[in-house]
Structure formats: C-alpha cells, structure tokens
Amino acid sequence: MSKFFRYHVEKKGLDAEIVQRCFALYLQQFDPDRSYLLEGECAPYLSITEKKAQAIALEMKKGNFSAFYELDTLIAHAIARADRLREGLFVAVLTISPAERTAGKRGEYARTEKELFHRMRLKLAQFYGAHVRHTKIDSPERKRQLVELFLLQIREKELPYLGLHPSGGMLDTKEQEHMLSVRILKAFAKSLDAHSSYFSKQEALELRFHLEQQFEGFGIVLGNSIDGAFIVRIIPGSPAEQQGILAVNDRIVEIDGISTRGLSFARVSDLMKERAS
C-alpha cells in the first residue's frame, strides 16, 4: 500500500479534496444501496471540513490510517444494527408484492431505522424477484428458506469488515490489516479519477472468472437458489456441451464428495474452480 500511495502522491498529490472523495467512496463501497448507514452517521465524513481533511491527508502521508479504523467501527455498528433489523424480514417476506420485486434503488442515506428496514425489505423483494423466475416459492417454508439464503449471501460480504473468516473464525491481525489496506486502496484509487481502480489478486481472478462466465474446463454458468446451485447456461462448444451429460437447470448437489447443501454460492463457486484447476 505504501508504494501505491507514494507513487500517486508524487504524481497527483494527496490533498483535502481527494481525502473527502476517498471517505465518501469508502462508505459507498460498503453500502452501495444505502441499506446500512444512516444519514446522520455519514454526515461527519461526507461533509468533512477542509482543515480536518488536510490534517488527515498529512497523517496518511505518514502512513497513519487511523481515520479508516474509525470508519470500520461505524460500519461494524451498522452491521450489528442491520442484523437486528433483518429479523423482521422473516415476517416481511410473507407480504412482498410483485411491484416491490422491481422497485428501484434509493440514492440518499436513510434518516431513520424504519427507513433502513424498508430498504432491506426492498432489497429482499428484488432478490425474491430474481429467484421466483426459476424457483418455486409457493409456501411459507420456501419463503423462509429464501430469506435464509438472502441473509447468507449478505453476511458473506460483511465478514471482512468484522475481521471474520468465511468459516466463522477470526482473521489474524495480518489478514485484517491486509483487508483494510485493500479497502482503502480501492477507495483511494477511485477518488483520483474516473479511470483508476484497484483490484486485489483475488478480485482480479474473480473478475476474469465473471468476464469469461464459465468454469474453465467445464463450460457451464451457475446460478443459485434455495434448492442450491444449478446450471444456468452451457457454453457452446465446451466440454459440457460435447459430453451431453449436463443440462440447463441441473442441480449441483455434490462436488468431489462435498455436499453443497447449506453452502453459500461463493463457496460452491470456489469448490468448482478448485475442481477445474
């Protein structure tokens, strides 16, 4: 991270304006659909004074990124609150309407917890809409399973901010510092101009995987549902098509002896990529 900052500080400078944008982008990359953070919580970071921004820029040049630890404390608090509010989704899912499944996103941060919950409900509704096209969700039990899948995917994205490994254990100090460094670098890179981005090694591999839209060696595109991972598409000319064994909508129930039941889609994807490599 120090090399990245040193290069860009020398080339473009690290001024108050960049710090202000960096803070806004750091919050945005955690909460892009404004369903975690409240307006009042974000205000001190989104309307930071020129004097304070200059002081933070000076500390960043010295290698002191304590301001971002403060942001992560705010984010951890927001995650804890979201976890509490999301308990209500198990009831809300029973009354979600078709219109809610296509509702758009909100642009501003919420002002109250009630508004936050409404946004969570809309987020769940959109998730519902995406799944109902290929999965039967025709009973309270199936709707409960949908909420569990929704929460599983959301919590995966929260874990790095809480210093947790996908397995549930704590990341060690070095791993936590690395994750924080990646988040800062991503926000800082975007704050420089519209064309700058930073990707970790893992993200670069994920980007390549998504661009190719297939598991190398198989030639299939996977989707996810409450019934588990399934094949969305078979790539023309791929081994999967040539063998003629797999078909669209086939379920992935086991990978190398490991049952996929209860696994997140990200974990299933990882197992498939390990199998293909």
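For the structure, see preceding data.
Since the model is a prediction, treat every value here as computed from it, not as a measurement. (Residues numbered from 1 in each chain as written. Predicted model: local features only at pLDDT ≥ 70, side-chain atom pairs only at ≥ 80, totals over all residues. Heavy atoms only, no water.)

S.K.: What should I look at first to understand helix H3 (residues 39–46) in this one?
M.R.: Side chains three or four residues apart in an α-helix point the same way, a direct result of the helix having 3.6 residues per turn. Among the residues of H3, those classed as buried are Glu41, Cys42 and Tyr45. With its buried residues spanning 85 degrees around the axis, H3 presents them on a single face. The secondary structure elements touched by the buried residues of H3 are helix H2 (16–30) and helix H5 (66–85). (Buried < 20%, exposed > 50% of the residue type's maximum accessible area, 1.4 Å probe, protein only. Helix = DSSP H or I, 4+ residues; strand = E, 2+ residues; numbered from the N terminus. Arc of directions from axis to C-beta. Contact = heavy atoms within 4.5 Å.)

S.K.: Whenever I open this one, the packing of H5 against helix H9 (residues 173–192) confuses me. Can you help?
M.R.: What describes two packed helices is the angle between their axes and the distance between those same axes. Direction vectors running N to C along H5 and H9 enclose 100 degrees, while the axes themselves pass 11 Å from each other. Considering their axes alone, H5 and H9 lie roughly perpendicular with respect to each other. Note on element contacts: H9 touches H5 through Glu177, Leu180, Arg183 and Ile184, opposite Phe68, Tyr69 and Asp72. Split into classes, the residues belonging to the contact of H5 with H9 amount to four nonpolar, no polar and three charged. (Axes fitted to C-alpha atoms, helices over the stretch in contact; angles between N-to-C directions. Parallel < 35°, antiparallel > 145°, perpendicular 65-115°, else oblique. Nonpolar A, V, L, I, M, F, W, Y, C, P; charged D, E, K, R; others polar.)

S.K.: Looking at this model, I keep getting lost on the packing of aromatic side chains. Mind explaining?
M.R.: Pairs of aromatic rings are described using the distance from one ring centre to the other and the angle between the two planes. Under the definition given, this model contains six aromatic pairs. Judged by centre distance (5.3 Å) and plane angle (75 degrees), the ring pair of phenylalanine 23 and phenylalanine 68 falls under edge-to-face. With phenylalanine 23 in helix H2 and phenylalanine 68 in helix H5, this pair connects stretches of sequence that are 45 residues apart. Its relative accessible area of 0% is what places phenylalanine 68 among the buried residues. What links up through ring pairs into an aromatic cluster is the set Phe23, Tyr26, Tyr45 and Phe68. Geometry around tyrosine 161 places arginine 183 over its ring, the cationic atom sitting 4.4 Å from the centre. (Phe/Tyr/Trp six-rings, centres within 6.5 Å; stacked < 30°, edge-to-face > 60°. Lys NZ or Arg CZ within 6 Å of the ring centre and 35° of its normal.)

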